[in-house]
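Residues per chain, in single letters:
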Amino acid sequence: MTSAPAATAPARPVGTTPDRPAGSIRRRQRLRRALTGWAFSAPYTVLFLVFMAVPVVVSLVMSFTDLRSTDLRNPFAVNFVGLDNYTRLFSDDLFLRSSVNTLVFVVIGVPLTIVLALAAATALNSGLLRFRALFRVGFYLPVVTSIVAVAVVWRFLLDPEVGLVNNLLRVVGVDGPSWLFDTKLALPSLIVMAAWRNFGFLMVIFLAGLQAIPGELYEAATLDGASRWQQFRNVTLPLLRPTLLFGGVVTGIGYLQFFEEPFVMTQGGPLSSTLSVSYHIYNQFGFGNYGYAAAASYVLFIAIVALSVIQFRFLGDRK
Amino acid sequence: MTTLDARVRQRDRAAKAVLYAVLTIGLIVVVGPFVWMALSSLKPEGEIRSVPPTWLPDTWTLDNFRDLFSRLDFPLFFFNSALVAVAVTAGNLLFCSLVGYALAKLRYPGKKVLFLAVLGMLMVPGMVTFVPQFVLVSNMGLTNSYAGLILPFLVGPFGVFLMRQFLQSIPDDLIEAARVDGAGEFRIFFRVVLPLCRPALATLGILTFLASWNNFLWPLVVASTEDKYTLPVALALYSIGQNRTDFGLLLAGAVVVVVPVLIVFLLLQRHFMRGIATTGLK
């Protein structure tokens, strides 16, 4: 596509072309503007439609069919099965189990991550100036690393026989548990690891939020005799609320999809105690049950949308 | 009065000491695993498992890395990861800035719908699209190919959002002046607008490269033979396959995945922090 005819670009004075009606010029102008706009937007839009928007819609359609991997060659063998996939999902013990695991992961993981991040951000914002950059970079470090690599490292750290954690415990005379092989401890171990990896991200966002709070508010509170804790409760927390919520929702959306951690560390075990919804979807996909996997992924999608709606609700209050 | 001051100062100093102590312990807990990973990858297998554990290797060795690069095909996995990440980053920088400019500065029909669709897509997780994406890519005959690994990530909603946001801050007069000088729309974009976008492009480039480098689900699904594995896929599959107990080998693999990213992060950490803070606060 060539660029729009440049020489005629500033065609402001309509009256300069007296023999043509103004309406036709305006129409041509509008057409040129449309062409320019779409010349810029078209490459993105085509890729966006083909690889993102259409798959979202197709995914929904797929979830009402019995599409299997063997049907890829002849799509006409596929039948519409209505809500069968969805009703099957809610009688599928593994799906229910994975939903509970995922909820636990979110409900415990998100507050844990927020508390760690807020503590770190408050500490780094509390007038302590030396080494601040060092701590900030250090805490942020795990955020940029691959979850797969981190999960491999943690699997070895938590190895009951030869892992560093239990080796250190042994040095102080404690017999450590078999973390990832224990149905009660495996999921909490993954949650702690996720919080460890992600709190640095929220910390940076919270730090920016804390620095946006005007210092005079704290001065006024100090003059009124408010203690540090009271200042935190009554000044910091309310003013940081939108940022906290934003952080909570972003983290929640991520945690709702947790997948790499159980894939590498536990393969969903022991006894499905770390099977996540994403992992279940992946497994169903692997078995070739595409329609069923699509239905499960839409349920996950709805959970994520619900979370985002809550975000817009709360953030809307700000203005 | 002076004694009270002294007592307050003393208490402040004590509080500060506690704060430093807590932060330092936190730093050890956060950074420690990476140090352990790097040091252990340089130890022989037996020493990694020794009780009590050693920090510095008693015997330094590169055997784990030698195995990784000769017995397994890690140079190829590294190349695959780099190729995909570079292509994906280039695509996002170009396409997202083009459409971001149109959304921020041009008036044309359908613009609002496009922007809303992109915004909506921000909420859609990869888990929702990967099954139909896979069906699509396999119907195009692109499974287990570089094109199949790259195409679905060539554009994304986040980049548009970021670029549009940034481009709105560029004064209209500048663009109008170039237009009056007779420059074509694409010339204006590439010569006038894009050079001003360097900070936003840097942020988008870093974040996109990182996301692609660490991406797991899609390459796991699309790459079916080893020669198309990316680093995370290779590492994950080896770590649950027959090499699952080769601590040294897998830790060396983790080093190869993590260390390049950490170096880049430490060099560019200012850009990272700014990018995160601006996207977080909108």
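Residues numbered from 1 in each chain as written. Chains lettered and ligands numbered in written order. Predicted model: local features only at pLDDT ≥ 70, side-chain atom pairs only at ≥ 80, totals over all residues.

Per an unreviewed UniProt entry, the recorded name for chain B is Carbohydrate ABC transporter membrane protein 2, CUT1 family, and the organism is Asanoa ishikariensis. Under the UniProt heading Sequence similarities (unreviewed entry), the note attached to chain B is "Belongs to the binding-protein-dependent transport system permease family." Listed in UniProt under the heading Subcellular location (unreviewed entry), the comment for chain B reads: "Cell membrane". (UniProt positions renumbered as here; feature names shortened; annotations may be inferred.)

Going by what an unreviewed UniProt entry lists, chain A is known as Carbohydrate ABC transporter membrane protein 1, CUT1 family and is assigned to Asanoa ishikariensis. According to its UniProt record, chain A has this under Subcellular location (unreviewed entry): "Cell membrane". Its UniProt record gives chain A a comment under Sequence similarities (unreviewed entry), which states: "Belongs to the binding-protein-dependent transport system permease family."

Caption draft 1: Summary view of the UniProt feature "domain: ABC transmembrane type-1" (unreviewed entry) in chain B. As recorded in UniProt, the sites labelled "domain: ABC transmembrane type-1" (unreviewed entry) are residues 78-268 of chain B. Across residues 78-268 of chain B, helical content stands at 76% and strand content at 0%; the span's end C-alpha atoms are separated by 21 Å. (Helix = DSSP H or I, 4+ residues; strand = E, 2+ residues; numbered from the N terminus.)

Caption draft 2: Looking closely at the packing of helix α8 (residues 157-167) of chain B against helix α11 (residues 198-214) of chain B. Residues and elements named next belong to chain B. Running from N to C, α8 and α11 point in directions that differ by 170°, and their axes come no closer than 10 Å. Taken together, α8 and α11 sit at an angle that is classed as roughly antiparallel. Counted together, G159, L162, M163 and F166 of α8 and A200, T203, L204 and T208 of α11 form the full contact between these two elements. (Axes fitted to C-alpha atoms, helices over the stretch in contact; angles between N-to-C directions. Parallel < 35°, antiparallel > 145°, perpendicular 65-115°, else oblique. Contact = placed C-beta atoms within 7 Å.)

Caption draft 3: Layout of the UniProt feature "transmembrane region" (unreviewed entry) in chain B. Sequence positions flagged by UniProt for "transmembrane region" (unreviewed entry) are, in local numbering, residues 17-39, 77-101, 113-134, 146-167, 188-211 and 247-268 of chain B. Taken end to end, residues 146-167 of chain B is 73% helix and 0% strand, and its first and last C-alpha atoms sit 32 Å apart.

Caption draft 4: Expanded view of the UniProt feature "transmembrane region" (unreviewed entry) in chain A. Residue and element names in this part refer to chain A. UniProt tags residues 35-62, 103-125, 137-157, 239-258 and 290-310 as "transmembrane region" (unreviewed entry). The span residues 103-125 carries 100% helix and 0% strand; its end-to-end C-alpha distance comes to 32 Å. What you have in residues 137-157 is 71% helix and 0% strand, and the ends, taken at the C-alpha atoms, are 23 Å apart.

Caption draft 5: Representation of the interface of chain A and chain B within the structure. Listed by partner, the interface residues are 79 residues for chain A and 78 residues for chain B. Sorting elements by how many residues they give to the side of chain A that touches chain B places helix α1 (residues 22-62) of chain A first, with 20 residues.

Caption draft 6: Geometry of the nonpolar core. In terms of nonpolar packing, the biggest core is built from 160 residues, with A117(A), V153(A), M203(A), L235(B) and A254(B) touching the most fellow members. Looking at which element gives the most residues to this core, the answer is helix α7 (residues 186-211) of chain A, with 15 residues. With near-sequence residues (within four places) excluded, A117(A) lies in contact with F199(A), L202(A), M203(A), F206(A) and G247(A). (Core = buried A, V, L, I, M, F, W, Y, C linked by C-beta atoms within 7 Å. Buried ≥ 20, exposed ≤ 12 C-beta atoms within 10 Å, placed from the backbone.)

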